[in-house]
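Fold and geometry: a report
Listed below, chain by chain, are the residues.
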Amino acid sequence: GALVYQYPRRTICKSGTSMRMECQAVGFQATSVAWYRQSPQKTFELIALSTVNSAIKYEQNFTQEKFPISHPNLSFSSMTVLNAYLEDRGLYLCGARRDGGQLYFGEGSKLTVL
Amino acid sequence: QQKVQQSPESLIVPEGGMASLNCTFSDRNSQYFWWYRQHSGEGPKALMSIFSNGDKKEGRFTAHLNKASLHVSLHIKDSQPSDSALYFCAAPDTNAYKVIFGKGTHLHVLP
């Protein structure tokens with residue numbers, strides 16, 4: 001079956017430092033990978049969408065300079081939160097899809113900023 | 001842009017009862033919809049997808065889609081305490097690559 005592994009599950013970092021998270025699709029080829037942030041209130045914000053053969057598209061309020069993403073092949077993606085501050089805390093979710101199919105999520109990477 | 005709204009925000013049902021969760025969407029051209037369930041401390045897990053008007057049943061879960069009224073619902077029969085979770089409805093955005101989520105319904109099943 002389709003699975004998405006995401007790691008690390010939790011990170012506590014000091015204000016101004018960075019956190020990198022990775023996402024691995026297993027059992028299918030992820031033609032698109034979406035990175036979301038789930039706020040403490042549980043709402044989803046789409047950070048960026050990476051689709052094979054297209055440039056990574058960032059949503060308003062999110063930039064490549066702050067959230068650089070790498071999507072080198074159809075099974076792996078990574079995202080870094082640079083210079084993390086309190087407002088960046090939340091659960092970061094990687095969602096992978098194959099050709100418009102269902103979105104499969106990893107377990108999320110929870111970021112706590114001290 | 002697709003808008004997805006869920007109701008109620010919170011739902012309490014007794015064990016063995018029926019839980020009904022609602023979702024409306026705005027894009028009449030939407031072709032498919034998903035329900036996700038998220039337990040505390042975990043990522044969302046895909047529960048069901050539905051593409052055609054009418055009912056789709058998987059065990060105790062039944063999804064209902066009415067494209068004309070822009071409405072999709074999820075019904076959980078014989079609710080169990082383990083069903084207590086946050087449930088999200090999702091639909092593709094107009095460009096089909098983005099997936100738009102509702103704000104979720106907190107379901108509490110009381111033993």
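Scroll up a little and you will see the structure.
First, a word on what this report is: a plain description of the structure on this page.

1. Brief notes about the interface of chain A and chain B
- Counting residues at the interface gives 20 residues for chain A, matched by 20 residues for chain B.
- Buried area between chain A and chain B, summed over both chains or domains, comes out near 1,700 Å², and the portion from carbon and sulfur atoms is 56%.
- On the chain A side of the contact with chain B, F44, R97 and Q102 of chain A bury the most area, a combined 29% of that side's loss.
- Where chain A packs against chain B, one counts two salt bridges.
- Between E107 of chain A and K45 of chain B there is a salt bridge whose closest N-O contact spans 2.8 Å.
- Counting across the chain A and chain B interface gives seven residue pairs in polar contact (both at pLDDT 80 or more).
- If you list the elements that add at least two residues to the side of chain A that touches chain B, you get β4 (32-38), β5 (44-51) and β9 (90-97) of chain A.
- Sort the elements by how many residues they give to the side of chain A that touches chain B and β5 of chain A lands first, with four residues.

2. A look at the pairing of strand β7 (residues 61-66) of chain B
All names here are of chain B.
- Bridge analysis of strand β6 (residues 54-58) against β7 gives five bridges, and the strand direction is antiparallel. If you follow K56 over to β7, its bridge partner there is A63.
- Connecting β6 to the next strand, β7, in antiparallel fashion are two residues, including G59 with a positive phi near 65 degrees.
- Pairing between β7 and strand β8 (residues 71-76): six bridges, direction antiparallel. Bridge pairing links L65 to V72 in β8.
- Between β7 and β8, which pair antiparallel in sequence order, lie four residues; one of them, L70, sits at a positive phi of approximately 55 degrees.

3. As for a positive patch on the surface
Residues and elements named next belong to chain A.
- A cluster of basic side chains, namely R9, R10, K42 and K110, defines a positive patch on the protein surface.
- Secondary-structure assignment places R9 in the loop between β1 (3-7) and β2 (10-13).
- Using a relative accessible area of 34% as the deciding quantity, one classes R9 as partly exposed.

4. Concerning the sheet that holds β8 of chain B
Residues and elements named next belong to chain B.
- Within the open sheet, the five strands sit side by side as β1-β3-β8-β7-β6. Their pairing is antiparallel. With one partner strand each, in any of the chains shown, β1 (4-7) and β6 form the two edges of the open sheet. This sheet shows a mean twist of 15 degrees between the axes of neighbouring strands, independent of strand direction.

5. Let's talk about the state of the cysteines
All names here are of chain A.
- Throughout the structure, instances matching the rule amount to two disulfides over all chains.
- There is a disulfide in this structure between C23 and C94, and the S-S distance comes to 1.8 Å. On the sign convention where negative means left-handed, the S-S torsion of about -55 degrees between C23 and C94 marks this disulfide as left-handed. Of the two residues, C23 is situated in strand β3 (residues 19-26) and C94 in strand β9; the sequence distance between them amounts to 71 residues.

6. Concerning the packing of aromatic side chains
- Taken as a whole, this structure holds 16 aromatic pairs over all chains when the rule is applied.
- With a centroid separation of 4.3 Å and 20 degrees between ring planes, the pair formed by F44 of chain A and F101 of chain B is classed as stacked. Highlighted residues: F44 of chain A in strand β5 and F101 of chain B in strand β10 (residues 99-101), drawn from two different chains. In this structure, F44 of chain A and F101 of chain B share a single accessibility class: buried.
- Centre to centre, the rings of F25 of chain B and F33 of chain B are 4.3 Å apart; their planes meet at 40 degrees, and the pair counts as tilted.
- For F25 of chain B, a relative accessible area of 5% puts it in the buried group.
- You can call F33 of chain B buried: its relative accessible area is 1%.

Conventions adopted
- The residue count restarts for each chain, going from 1 along the sequence in the order it is written.
- Written order decides the labels, with chains lettered from A and ligands numbered from 1.
- Per-residue local features of the predicted model are confined to residues with pLDDT of at least 70, and side-chain atom pairs are confined, for both listing and counting, to 80 or more; whole-chain, interface and lining totals are unaffected and use all residues.
- Remark: hydrogens and water are excluded; side-chain values derive from all non-hydrogen atoms of the structure.
- Note on contacts: a residue pair qualifies if any of its non-hydrogen atoms lie within 4.5 Å across the two residues.
- The quantity reported as buried area is the accessible area (1.4 Å probe) lost by two parts once they are put together, taken as the sum for both.
- By definition here, a salt bridge exists when the distance from a side-chain nitrogen of Lys or Arg to a carboxyl oxygen of Asp or Glu is within 4 Å.
- Here a polar contact is recorded for every N or O atom pair within 3.5 Å, except that within protein the pair must consist of a potential hydrogen donor and a potential acceptor, and residues adjacent in sequence are included only if both atoms are side-chain atoms.
- For the purposes of this entry, the term helix denotes a DSSP run of H or I that reaches at least four residues, the term strand denotes a run of E that reaches at least two, and both are numbered from the N terminus.
- In short, DSSP must find at least two bridges between two strands for them to pair.
- Patch definition: residues above 30% relative accessible area lacking any salt bridge, with like charges linked at up to 9 Å and the nonpolar side chains Val, Leu, Ile, Met, Phe, Trp and Tyr linked at up to 5 Å.
- In short, Shrake-Rupley with a 1.4 Å probe defines the accessible areas, and a residue's cover is counted only from the protein chains shown.
- When charges are tallied, Lys and Arg are placed among the positive residues and Asp and Glu among the negative ones, while His and the ends of the chain are skipped.
- Charge coordinates come from a single atom per side chain, which is NZ of Lys, CZ of Arg, CG of Asp or CD of Glu.
- Only protein chains enter the accessibility calculation, which uses a 1.4 Å probe; a residue is then buried when its area is under 20% of its type maximum, exposed when over 50%, and partly exposed in between.
- Here an axis means a line fitted to C-alpha atoms, over the contact stretch when the element is a helix, while the angle between two N-to-C directions is reported on a 0 to 180 degree scale.
- Criterion for a disulfide: a pair of cysteine sulfur atoms at a distance within 2.5 Å.
- The criterion for an aromatic pair is that two Phe, Tyr or Trp rings (for Trp, the six-membered ring) have centres within 6.5 Å, with stacked assigned to planes under 30 degrees apart, edge-to-face to planes over 60 apart and tilted to the rest.

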